[in-house]
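Reading the structure
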Amino acid sequence: MKTEIAFQRCVAPACAATFDVGEILNACPKCGALLDVDYDWDRAGLPSSLKEFEKKWATRRNPLHFSGVWRFKELLNYAPDETVLTIGEGQTLLRAEPVVANYVAGGQIYLQYEGLNPSGSFKDNGMTAGYTHARMVGASKMACASTGNTSSSLAAYANAATDGTKRCEAVVFVGSGRIAMGKLAQGLDFGAKTIQIQGSFDDAMRRVKEISKALGIYLLNSVNPFRLEGQKTIMLRILEGLSWEVPDWIVCPGGNLGNSSAFGKIFHELKKTGLIQRLPRLAVVNAAGANTLHRLYNEQGLRWNGGAYDQKKITDFYTQMDAEKREAHTIASAIEINRPVNLVKSLRALEWLNGVVCDVTDQEIVDAKAIVGRTGIGCEPASAASVAGLKKLIANGTIGKSERVACVITGHQLKGSETAVTYHSKSGAELGEAFKDYGIRSNVYANQPIQVANDLEEIVKALK
Ligand SMILES: *Cc1c(COP(=O)(O)O)cnc(C)c1O
Ligand SMILES: [Zn+2]
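What this report covers is the structure whose coordinates are included nearby. (Residues numbered from 1 in each chain as written. Chains lettered and ligands numbered in written order. Predicted model: local features only at pLDDT ≥ 70, side-chain atom pairs only at ≥ 80, totals over all residues. Heavy atoms only, no water.)

Things to note about the nonpolar core
The biggest cluster of nonpolar side chains holds 79 residues, and the ones touching the most others in it are Leu50, Tyr78, Tyr131 and Leu270. Discounting chain neighbours no more than four positions away, the residues touching Tyr78 are Ala6, Val21, Val37, Tyr39, Trp70, Ala129, Gly130, Thr132, His133, Met136, Phe226 and Glu229. Counting 44 residues, the second-largest nonpolar core is a separate cluster that includes Val100, Ala382, Leu390 and Leu393. (Core = buried A, V, L, I, M, F, W, Y, C linked by side-chain atoms within 4.5 Å. Buried < 20%, exposed > 50% of the residue type's maximum accessible area, 1.4 Å probe, protein only. Contact = heavy atoms within 4.5 Å.)

Right, here's the structure in full:
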């Protein structure tokens, strides 16, 4: 008998063991699979229609109603109000972007700008949810492994979680060298203990799991099922931006695959509870240099298959990856991941939303990034993968030219401005040299700075 509205449940249908939300688990103790947060929907307090959520705008002095995550609390109802930790995340924007539509040769193209979050990436949606659970269970030491944005977000919330009596400590593990400067700067400025491991993100991930177990530190990576509950709300804000109409497609970049997993889950839940009548389709875009999902999904035909997915395909793939010493390598460092921790949940999302997967080159990513920049907001390379993927999927006929598409722009442009400055200011052999690790040779969308002498006539000439 369930007495709580919310509980944790193993995603493997053959196991489906349930656990109290008060337990700290990173995987099912019975079978090792990932966990979901699930709800007794009859008791979750759902409104009769999604439009009802708009009423909370009228009472936005209440921090729970101001937050773009917690004003949908009835759809992630696992915490008492007083444990919720919010810093005003989720004040983000859905915008129709004709410039991008033109670039991808599509029709109704919308960008969902998650770079507008307090720490500059969508990760804040998940971090508020993860911290809230951490507070429920009394944790005050948090850790994560990160390609950058998770650490920025973790560090930002640690300060908010610190009150006069109890200091909340944040420890972040990052791989060596590959983190964008803006992200490292945030973690350091916000006061996180920053451990730079000599290795990749995947190495850092393995270590942080060991450390958090050994030292009893609360783990805030996206294996944490509560984080994904917060990330579900990105989709609710897209629906809200479209007056609660479901778009034809959601397109997002795929790294650890937390977003795609969360997006599949919320649409499945909304349909199940009758709050929407139809489902969008999902497109997940890998970088070609970090394309584990693409290869497993498109080349090996790996599917969720109602939960009976072929684990051997995954194991063999990783065995071969290790044997060949293949390391993820892409200019989109936020998605430079060999072993996506939410792979299996993402497969489930792809099944629920009749999804597709593709990969794009770094050249395609930086070109798409320059186009997103022209909209006046801009994004980091990983985010541009969604636009680059959309262009490819429209070109090959997977997505129709007149379909309505919402692309998730995951992180802010200024997280790593090095890429943009190089793209716009270098040319020819110099450009090839600067980007040689990534096979980027051209910059057709560059906006070159103009060098001019400190001389009025010369300046006037340059402006003609
Ligand atoms: C973390 C991150 C991603 C990858 O998201 P997943 O949910 O891990 O697939 C993409 N873009 C940016 C900017 C990120 O910070
Ligand atoms: Zn299990």
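Once the structure has been displayed, the description carries forward.
A short note on helix H17 (residues 456-463)
For H17, a buried count of 0 out of 8 residues is recorded, marking the element as mostly open to its surroundings. Residue Asp455 occupies the N-cap position of H17, its side-chain oxygen lying 3.1 Å from the main-chain nitrogen of Glu457. (Helix = DSSP H or I, 4+ residues; strand = E, 2+ residues; numbered from the N terminus. Polar contact = N/O pair within 3.5 Å; in protein donor to acceptor, adjacent residues only side chain to side chain.)

With respect to the sheet that holds strand E2 (residues 18-20)
In spatial order, the strands read E2-E1-E3; together these 3 strands make up an open sheet with antiparallel pairing. Because the sheet does not close on itself, it has two edges, and the strands there are E2 and strand E3 (35-39). On average, each strand axis in the sheet is inclined to that of its neighbour by 40°, with strand direction left out of account. Inspection of the sheet shows strand E1 (residues 6-10) paired to E2 by 3 bridges, in the antiparallel sense. Looking across to E2, one finds that Phe7 is bridged to Asp20. (Pairing = 2+ DSSP bridges. Axes fitted to C-alpha atoms, helices over the stretch in contact; angles between N-to-C directions.)

Points about the site of ligand 1
Taken together, 17 residues sit near ligand 1, with Lys123, Asn149, Gly255, Asn256 and Thr410 positioned nearest. A distance of 2.7 Å is found between a nitrogen atom of ligand 1 and a side-chain nitrogen or oxygen belonging to Thr410. Protein burial of ligand 1: of its 380 Å² of free accessible surface, 97% is covered by the chains. Where the shell around ligand 1 is concerned, the elements lending two or more residues are helix H9 (258-272) and helix H14 (381-395). Across the shell around ligand 1, the residue classes tally to 6 nonpolar, 9 polar and 2 charged. (Near = heavy atom within 4 Å. Areas by Shrake-Rupley, 256 points an atom, 1.4 Å probe, with all protein chains shown as cover. Nonpolar A, V, L, I, M, F, W, Y, C, P; charged D, E, K, R; others polar.)

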